[in-house]
Amino acid sequence: PYLGSSPKNLSVSEPPDRCSRLRMSERCFTAPDLHKIGVLMPLTDNGDPQHWKAMACAALLAVAHFNARDGSVVPAFSQHSGLSSLAFNLSARLYDTAYTPTGAVEAFRVAQDAGSAGLVGPYRSASSISLYPRGDFLNLPLVSYGSTSVVLSNKPAFSRTVPTDEDSAAVVVSAIGGFGWGKFN
């Protein structure tokens with residue numbers, strides 16, 4: 001198999017014959033490539049290295065749990081769920097965005113060149129805004145865990161796991177009205 005079945009095997013080997021960024025075709029998305037995930041996150045120059053180290057560990061642990069079909073944290077990963085019948089494992093590689101849009105573009109390029117079939121991240125909306133056109137063009141999905149800008153809504157290859165700023169504001173306004181608060185000091 002392309003990736004060993006051991007849940008500890010989280011490294012990515014060099015990709016088999018990848019298409020160029022400008023010449024995409026069906027062979028870019030054959031089964032051996034579908035399980036390779038690039039994780040875009042700030043690993044340097046971010047002001048809070050411990051937080052991001054913990055986030056990086058969490059991402060790699062999630063991949064290990066998926067591969068082991070271990071449902072101790074995410075019950076859907078359990079061997080008793082439908083996922084146990086899937087005949088593939090995931091692999092993940094971390095790519096440093098340096099917490100900047102320019103760093104995110106470079107991390108995207110390196111992850112795409114390494115054969116990632118999908119990307120998790122980046123965290124910042126400014127970085128995601130600079131990446132979503134590339135993801136759309138290359139049909140390379142991005143799933144952000146922190147980008148909240150409404151500018152990113154309804155983009156074909158972009159998804160998020162957090163609500164937009166607009167949705168969050170609507171909830172706050174609704175809560176304020178629901179509690180009957182009329183004044184703030």
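Predicted, not measured: the structure shown is a model, and the values here were computed from it.

Trainee: Would you take a moment to explain the pattern of salt bridges for this structure?
Mentor: Side-chain pairs of opposite charge can arise where the charged atoms are in close proximity. A full pass over the atoms with the stated rule returns 2 salt bridges. Salt-bridge contacts for Glu106 lead to Arg109; the nearest nitrogen and oxygen are separated by 2.5 Å. With Glu106 and Arg109 both in helix H2 (residues 101–113) and 3 residues apart, the pair spans about one turn of that helix. Judged by relative accessible area, Glu106 falls into the partly exposed class, the value being 39%. The exposure class of Arg109 is partly exposed, given its relative accessible area of 29%. For Asp113, the salt bridge goes to Arg109, with nearest N and O atoms at 2.9 Å. Note that Asp113 and Arg109 are positioned in helix H2 at a spacing of 4 residues, about one turn of the helix. When salt bridges with common partners are traced through the structure, they connect Glu106, Arg109 and Asp113 into a single cluster.

Trainee: It is not clear to me how the sheet that holds strand E3 (residues 118–120) should be interpreted in this structure. Could you clarify?
Mentor: Strand order in the open sheet formed by 5 strands is E2-E1-E3-E4-E5, with parallel pairing between adjacent strands. Both edges of this open sheet fall to strand E2 (91–96) and strand E5 (158–160), since each of them pairs with a single strand only. Direction aside, neighbouring strands of the sheet carry axes that sit 25° apart on average. The strands touched by helix H1 (residues 49–68) within the sheet are strand E1 (36–41) and E2, with E2 carrying the most contacts at an inclination of about 160°.

Cut-off values and rules
Residues numbered from 1 in each chain as written. Predicted model: local features only at pLDDT ≥ 70, side-chain atom pairs only at ≥ 80, totals over all residues. Heavy atoms only, no water. Salt bridge = Lys/Arg side-chain N within 4 Å of Asp/Glu carboxyl O. Helix = DSSP H or I, 4+ residues; strand = E, 2+ residues; numbered from the N terminus. Buried < 20%, exposed > 50% of the residue type's maximum accessible area, 1.4 Å probe, protein only. Pairing = 2+ DSSP bridges. Axes fitted to C-alpha atoms, helices over the stretch in contact; angles between N-to-C directions. Contact = heavy atoms within 4.5 Å.

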